[in-house]
Amino acid sequence: MQVLKFGGTSVGSVESIKNVKSIIDDDQPKIIVLSAMSGTTNALVDIVKRIEDNDFVIANTLIQNLKSSYILVINDLLTANKIKAQALQFVDEVFGLLSKLIHQDLTAIVSNTILAQGELLSTFIFNCFLNQEGIVSSLLPALDFMRIDKDGEPDFFYIKKNIDFLLQANPNSKIYITQGFICVDEYGDISNLKRGGSDYTATIIGSVIEASEVQIWTDIDGMHNSDPRYVDNTSPISHISYDEAAELAYFGAKILHPQTVTPVRHKNIPVQLKNTMQPQAFGTLIDSNNISRGIKAIAAKDGITAIKIKSAKMLQAYGFLKKVFEIFEMFETSIDMITTSEIAVSLTVDNPKNLERILVELNKIAHIEVDSHQSIICMVGHSVVSDADTYKLFQILKDVDIRMISYGGSNNNISLLVPSTDKIKALKQLQNYVFSKPVLIT
Ligand code: ASP
Ligand code: MG
């Protein structure tokens, strides 16, 4: 069985929904994971924010506008009267619930219930559409099987048991449709897998059903070798390993939720990234093979804070770094990059939540300097450190002030820390130095 996930833009309009149907309509059994239609989750986040700010009138207007957009889609997509009536009734129920929730206390359950409506809508409407087109499909309610534990990790045992049960309960379907992103927590309360979490839903399902492959369909032809939002002439990477994809997703490649490959890598289930607008394009295959050496892709992550911890006590002493790390551990903050000299250590964090308290503790043992608004530029590939062409990236030193370099920590990753104001310049220059083909002199 395959698992196919379609992102927000892939189900974002009547035309795209019809396109998805043509992609999946091949008689092979599959589970389809859908995101909310593009723009919906952002709108729902906005509604939650308005309720938080007691802006009930605006929250209500946003709800009514969103409802109108769904009615337009249904009127265009669904022509069979009975099916259309079912979809319109579902829309009425969803938006009726939203209007009611505005007036309740904004608990985590209430805000997660609001955020969940996008995936509930897209899957219901898509299932109606397939039924109208004569395709036998059934809905697998994600809230009946997708569960996370107290650490926010998927509860694989529970998920497998419950999804197997649901699949067996609907033996006549070849196509099962489920919601990405949404889940329940260890208490059974509604929760989610964080923004962009539908990718993660797809690989969690792929892992528990031992899928032959997981396909992630989006609006771009695979993972690109740099960020197309900032750099021209990027190109798709046809093949990348789990390790490389995981690093790129963590360090800012927007195409994938950072956890996407975790559930499938140890089972060696391939993940194929595909473009709904260009289904014939190969896209990117992610699996365990490393077939080429050298830097394959560059990604950048903003919102990084660098902390320099300087102390004469470090000189020829042992145990100093332990004290430093214990402070970060105490405040549950992970460190991304780290470089040291004999009397100072610089490190970065991407989560400033406990920064103030961490700095108070660090100040007790060392002199501290903090630089915020930094970006990590991460270069990923197989054997990048030992590849003969890697030297090319260091030409960047003449263009941009590099705050830190992490080289040799792993053979798959070289990271640079630059002020965020220099990020685009650095990405553009690195694209030239690392990926442009040498000009042949004849
Ligand atoms: N709809 C959710 C979001 O926009 C999940 C997803 O699209 O993957 O974040
Ligand atoms: Mg996404």
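Preceding this section is the structure that the text describes.
Keep in mind the model is a prediction, meaning the values are calculated, not measured. In this numbering scheme, every chain counts its residues from 1 along its sequence in written order. To read the labels, note that chains go from A and ligands from 1, taken in the order they are written. The model is predicted, so local features are restricted to residues of pLDDT at least 70 and side-chain atom pairs to those at 80 or more, both for listing and for counting; the totals for chains, interfaces and linings are taken over all residues. Note that the side-chain values use all heavy atoms of the structure and ignore hydrogens as well as water.

Draft legend 1. Main features of a nonpolar patch on the surface. Only residues whose relative accessible area exceeds 30% and that form no salt bridge enter a patch; like-charged residues are grouped when within 9 Å of one another, and nonpolar side chains (Val, Leu, Ile, Met, Phe, Trp, Tyr) when within 5 Å. Exposure was quantified through the Shrake-Rupley algorithm and a 1.4 Å probe, taking into account, for residues, occlusion by the shown protein chains and nothing else. By definition here, a salt bridge exists when the distance from a side-chain nitrogen of Lys or Arg to a carboxyl oxygen of Asp or Glu is within 4 Å. On the surface, Leu321, Phe325 and Ile338 cluster together into a nonpolar patch covering about 220 Å² of accessible area. Numbering of helices and strands starts at the N terminus; helices are DSSP runs of H or I of at least 4 residues and strands are runs of E of at least 2. Checked against the element boundaries, Leu321 lands in helix H10 (residues 320–330).

Draft legend 2. Representation of the sheet that holds strand S11 (residues 294–310) within the structure. Ordered in space as S12-S13-S11-S14-S16-S15, the six strands form an open sheet in which the pairing is antiparallel. Here the strands that pair on one side only, and so sit at the sheet edges, are strand S12 (338–340) and strand S15 (404–410). The mean inter-strand angle of the sheet, taken between neighbouring strand axes irrespective of direction, is 25°. H10 rests against S11, S12 and strand S13 (344–349) of the sheet, and its axis sits at about 20° to S13. Pairing between strands requires that DSSP locate at least two bridges from one strand to the other. The angle between two axes is taken between their N-to-C directions and runs from 0 to 180 degrees, where each axis is a line fitted to C-alpha atoms and a helix contributes only its stretch in contact. Residue contacts are counted whenever heavy atoms from the two residues lie within 4.5 Å of one another.

Draft legend 3. Structural context of the layout of surface pockets. When its volume is computed, the second largest pocket comes out at roughly 500 Å³. A pocket here means an open set of points on a 1 Å grid, computed over the protein atoms alone, that has protein on both sides within 12 Å along at least five of seven lines. A cavity is instead a set of points where a 1.4 Å probe fits but cannot get out; residues with an atom within 4 Å of a point line either one. Considering the residues around the second largest pocket, the lining is formed by 23 residues, among which Asn225, Ile295, Lys296, Val434 and Phe435 are closest to the centre. Contributing elements (two or more residues each) for the lining of the second largest pocket: S11 and helix H12 (423–435). Under the scheme applied, nonpolar residues are Ala, Val, Leu, Ile, Met, Phe, Trp, Tyr, Cys and Pro; charged residues are Asp, Glu, Lys and Arg; polar residues are all the others, including Gly. Of the residues belonging to the lining of the second largest pocket, the class tally is seven nonpolar, 10 polar and six charged. Grid points are joined across faces, edges and corners, and a volume is the space filled by probe spheres set on the points.

Draft legend 4. Expanded view of the sheet that holds strand S9 (residues 271–275). Here we have eight strands laid out as an open sheet, ordered S3-S4-S2-S1-S7-S9-S10-S8, and mixed in their pairing. If you trace the sheet from one side to the other, it starts and ends with strand S3 (137–140) and strand S8 (239–241), each paired once. On average, each strand axis in the sheet is tilted by 20° relative to the strand beside it, whichever way the strands run. The sheet contact formed by strand S1 (residues 2–6) and strand S2 (residues 30–34) spans five bridges and is parallel. Residue pairing in the sheet places Gln2 in a bridge with Lys30 of S2. Relative to the sheet, helix H5 (residues 108–132) contacts S2, S3 and strand S4 (175–179), its axis offset from that of S4 by approximately 160°.

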